[in-house]
Amino acid sequence: MTTKQHENVFKALDSFSIELPSWGFANTGTRFGKFTQAAAATSTEEKFSDAGHIHSLTGVCPTVALHVLWDFPEGTASIGDVQRYATKHGVRPGAINPNVFQDQCYKHGSLGNPDPEVRKTALRHLLDSVEIQTKLGSRDLSLWFADGSNYPGTQNMHQRRKWFEEGLAETHRHLVDGQRMLVEYKPFEPAFYHTDIADWGMALLLAQAAGPKARVLVDTGHHYQAQNIEQIVVWLLGSGMLGGFHFNDRRYADDDLTMGSIDPYQVFRIFHEIRFFEWNSGQRADIAYMVDQSHNLKGKIEAMIQTVQTAEELFAKAALVDHKRLAHAQGM
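Residues numbered from 1 in each chain as written. Predicted model: local features only at pLDDT ≥ 70, side-chain atom pairs only at ≥ 80, totals over all residues. Heavy atoms only, no water.

Help me understand the packing of aromatic side chains, please; the structure alone is not making it clear to me.
The description of two aromatic rings rests on the distance between their centres and on the angle between their planes. Counting across every chain of the model gives 18 aromatic pairs. Considering the side-chain rings of Phe101 and Trp144, the 5.3 Å spacing of their centres and the 65° angle between planes classify their relative orientation as edge-to-face. In this pair, Phe101 sits in the loop between β5 (92-97) and α5 (116-136) while Trp144 sits in the loop between β6 (140-143) and β7 (148-149), placing the two residues 43 residues apart along the sequence. The exposure class assigned to Phe101 is partly exposed, which follows from its relative accessible area of 29%. Taking the centre distance of 5.5 Å and the plane angle of 90° together, the rings of Phe271 and Tyr289 count as edge-to-face. Taken as a pair, Phe271 in helix α9 (residues 264-281) and Tyr289 in strand β12 (residues 288-291) lie far apart in primary sequence, 18 residues in all. In this structure Phe271 comes out as buried when scored by relative accessible area, which is 0%. (Phe/Tyr/Trp six-rings, centres within 6.5 Å; stacked < 30°, edge-to-face > 60°. Helix = DSSP H or I, 4+ residues; strand = E, 2+ residues; numbered from the N terminus. Buried < 20%, exposed > 50% of the residue type's maximum accessible area, 1.4 Å probe, protein only.)

How should I be thinking about the side chain of Asn296 in this particular structure?
Looking at where Asn296 falls in the secondary structure, it is placed in the loop between β12 and α10 (300-319). Within polar-contact distance, the side chain of Asn296 engages the side chain of Thr28 at 2.7 Å. Side chain to side chain, Asn296 and Ser294 meet in a polar contact 3.0 Å long. (Polar contact = N/O pair within 3.5 Å; in protein donor to acceptor, adjacent residues only side chain to side chain.)

What exactly am I supposed to notice about the packing of helix α2 (residues 44-58) against α10 here?
Any two packed helices are characterised by how steeply their axes cross, that is the angle between the axes, and by the distance between the axes. Look at α2 against α10: their axes get within 11 Å of each other, and the N-to-C directions meet at 40°. One way to sum up the angle between α2 and α10 is to call them oblique. Our pair here, α2 against α10, has a crossing hand that is right-handed. Across the interface between the two elements, Asp50, His53, Ile54, Leu57 and Thr58 of α2 pack against Ile301, Met304, Ile305, Val308 and Glu312 of α10. By residue class, the composition of the contact of α2 with α10 is 6 nonpolar, 2 polar and 2 charged. (Axes fitted to C-alpha atoms, helices over the stretch in contact; angles between N-to-C directions. Parallel < 35°, antiparallel > 145°, perpendicular 65-115°, else oblique. Left-handed = near helix turned anticlockwise from the far one by under 90°. Contact = heavy atoms within 4.5 Å. Nonpolar A, V, L, I, M, F, W, Y, C, P; charged D, E, K, R; others polar.)

Explain the nonpolar core here, please?
Nonpolar side chains in soluble globular proteins generally cluster together in the buried interior. With 75 residues, the main nonpolar core has Ile18, Phe245 and Tyr289 as its most contacted residues. At 8 residues, α10 tops the list of elements feeding residues into this core. Listed in part, the 5 residues of the second largest apolar core include Leu182, Leu217, Ala288 and Met290. (Core = buried A, V, L, I, M, F, W, Y, C linked by side-chain atoms within 4.5 Å.)

How do you make sense of the packing of helix α8 (residues 229-238) against α9 when you look at a structure like this?
As a packed pair, α8 and α9 sit with axes 9 Å apart at the nearest point and diverge in direction by 20°. Considered as vectors, α8 and α9 are oriented roughly parallel to each other. The hand of the α8/α9 crossing is right-handed. Along its contact with α8, which presents Ile229, Glu230, Val233, Val234 and Leu237, the element α9 presents Gln266, Arg269, Ile270, Glu273, Ile274 and Phe277. Class assignment of the residues belonging to the contact of α8 with α9 gives a composition of 7 nonpolar, 1 polar and 3 charged.

This is how it looks when you write it as structure tokens:
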């Protein structure tokens, strides 16, 4: 490499960080069962310990994404414990992830549920999550909803869309300065006929309707086979609505595999389009890079380190592209 290329790579990596998910260190499984690992974290503090260890080795994982029901067993009363764990293990609390899919009342959805009491329960949980977000000084509220239906005609999709608009707007109203809410999408699973936020267009419209602090979150596993994710990234960048990523890899559907284990070129293409946008626009894209993976067979710490190293490698490769020469060639 030339001296200029070396400088570009080091400058890029100096600006790069990626958030680790607390749930990625605990025992996980599939819908058919859970597969335990001897070294899996069994408490929130152990999750912070594992994340802190990875940050000490890589230097690019300063924050830990947290799941409200799993990492805050006593609700807001757990905030002090989480702050102590973070300080002890040298990392900070990251994105706050509400859980409106686990409890039995969410069988027919959360914000899109036809029962007004369930919608109120879901909204209360979202607002409690915003309170946790504020007290911890976390910037992002990361929202994923399992809402949908399995059979045609069983749900009023028109009304569910309106309920989502109302619930997200109310959640947005409670955000303070410097905070964001990231709206995630997924085409299917667990709902197989319709999902209330099934693609980036739906997430974009809901985020725009919610308010100026809302953005779209792209999970690389949440797309149909062969979908051009980097094109979605370009459109969201152009509209100023790309807020963050959940990085993983997949062979068939949302397989939550380690980044780059199936198609490393895909993440390179995504990083390239982000850096090309920054070069072309002269502004830095404000994007949260986060890991969202379920390591059922691989060792969890080893798998997470592998993902982090792959992310750094692909980000560095994207920094080697000569955007000026590329733009000239594209215009010929």
